[in-house]
Structure formats: structure tokens, C-alpha cells
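Coordinate inspection notes
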Amino acid sequence: MTFDKIRDIIVEQLSVDESAVTMDTNLMKDLEADSLDAVEIIMAIEEEFMLEIPDEDAEKFQLVGDLVRYVEEQEEQ
């Protein structure tokens with residue numbers, strides 16, 4: 001569920017094929033996202049899940065799975 005929503009955000013923001021986005025996909029290396037893309041993805045995730053992601057946490061995200069795990073951890077709190 002969380003993965004599906006995050007995948008949809010990434011597909012929309014980066015105009016990539018849905019099949020290109022897996023838990024092990026690296027945003028920068030595999031999808032060629034730049035820092036502006038990353039900020040827009042983070043903002044869209046914050047809006048979708050109604051949470052705030054501090055910059056120091058956002059800087060650590062590399063894989064789609066990192067984002068999914070972070071959001072799921074926040075939802076458990």
C-alpha cells in the first residue's frame with residue numbers, strides 16, 4: 001500500500017515507467033533524479049502521507065525502499 005503510493009508519486013514526478021520503480025531502485029542512479037526531483041518527491045510524499053520529513057532524514061534516502069520504510073515507521077508512531 002505505502003509502496004504503491006510512493007511508486008505512483010515517483011512515476012508522476014519523474015515520468016518513468018511504473019515497472020522501473022521497485023524497492024531496490026536507486027532514485028539518483030537508476031532513475032536519474034536530480035536534487036530538485038528529490039525535493040519534489042519528498043514534498044509530494046509529505047503531502048500524501050501528511051507528515052514532515054526533516055532535511056537530515058531526506059538526505060539519507062537513496063533507494064525507494066528507504067522512503068517506504070521511513071513512511072511506514074512514521075505511520076506506526
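It should be noted that the structure appears before, not after, this text.
Throughout what follows, the structure given in this document is the object of discussion. (Residues numbered from 1 in each chain as written. Predicted model: local features only at pLDDT ≥ 70, side-chain atom pairs only at ≥ 80, totals over all residues. Heavy atoms only, no water.)

Focus: the side chain of E46
Worth spelling out the cut-off: Counting from the N terminus, the helices are DSSP H or I runs at least four residues long and the strands are E runs at least two residues long. Three exposure classes are used, based on accessible area relative to the maximum for each residue type with a 1.4 Å probe and protein chains only: buried under 20%, partly exposed in between, and exposed over 50%. Asp and Glu count as negative and Lys and Arg as positive, but His and the ends of the chain are not part of the count. The salt bridge criterion pairs a side-chain nitrogen of Lys or Arg with a carboxyl oxygen of Asp or Glu, the two atoms within 4 Å. Pairing of N or O atoms within 3.5 Å defines a polar contact, subject to two protein rules: one partner must be a possible hydrogen donor and the other a possible acceptor, and residues neighboring in sequence count only if both atoms are side-chain atoms. Contacts were defined at the residue level, with two residues in contact if any of their heavy atoms lie within 4.5 Å.
Topologically, E46 is positioned in helix α2 (residues 35-49). As a buried residue without a salt bridge, E46 has its nearest oppositely charged side chain in K60, at a separation of 14 Å. Engagement of the side chain of E46 in a polar contact is seen with the backbone nitrogen of I53, the distance being 2.7 Å. Once residues lying within four places of it in the same chain are set aside, the contact partners of E46 are L51, E52 and I53.

Things to note about the side chain of T2
With respect to the helices and strands, the residue T2 is situated in helix α1 (residues 2-14). For T2, a relative accessible area of 9% puts it in the buried group. Residue contacts for T2: discarding those within four places in its chain leaves F49, V68, V71, E72 and E75.

Here's the deal with the pattern of salt bridges
Evaluated as defined, the whole model comprises 6 salt bridges. For R7, the salt bridge identified is with D4, shortest N-O distance 3.6 Å. Of this pair, R7 and D4 both sit in helix α1, separated by 3 residues, roughly a single helical turn. R7 gets classed as buried once you look at its relative accessible area, which sits at 15%. We note a salt bridge from E48 to K5, for which the minimum N-O separation is 3.8 Å. Separated by 43 residues along the polypeptide, E48 in helix α2 and K5 in helix α1 bring together distant segments of the chain. Here E48 falls in the partly exposed class, since its relative accessible area comes to 40%. Three or more residues joined by partner-sharing salt bridges are found here, namely D4, R7, D8 and E18.

That is the geometry; function is a separate question.
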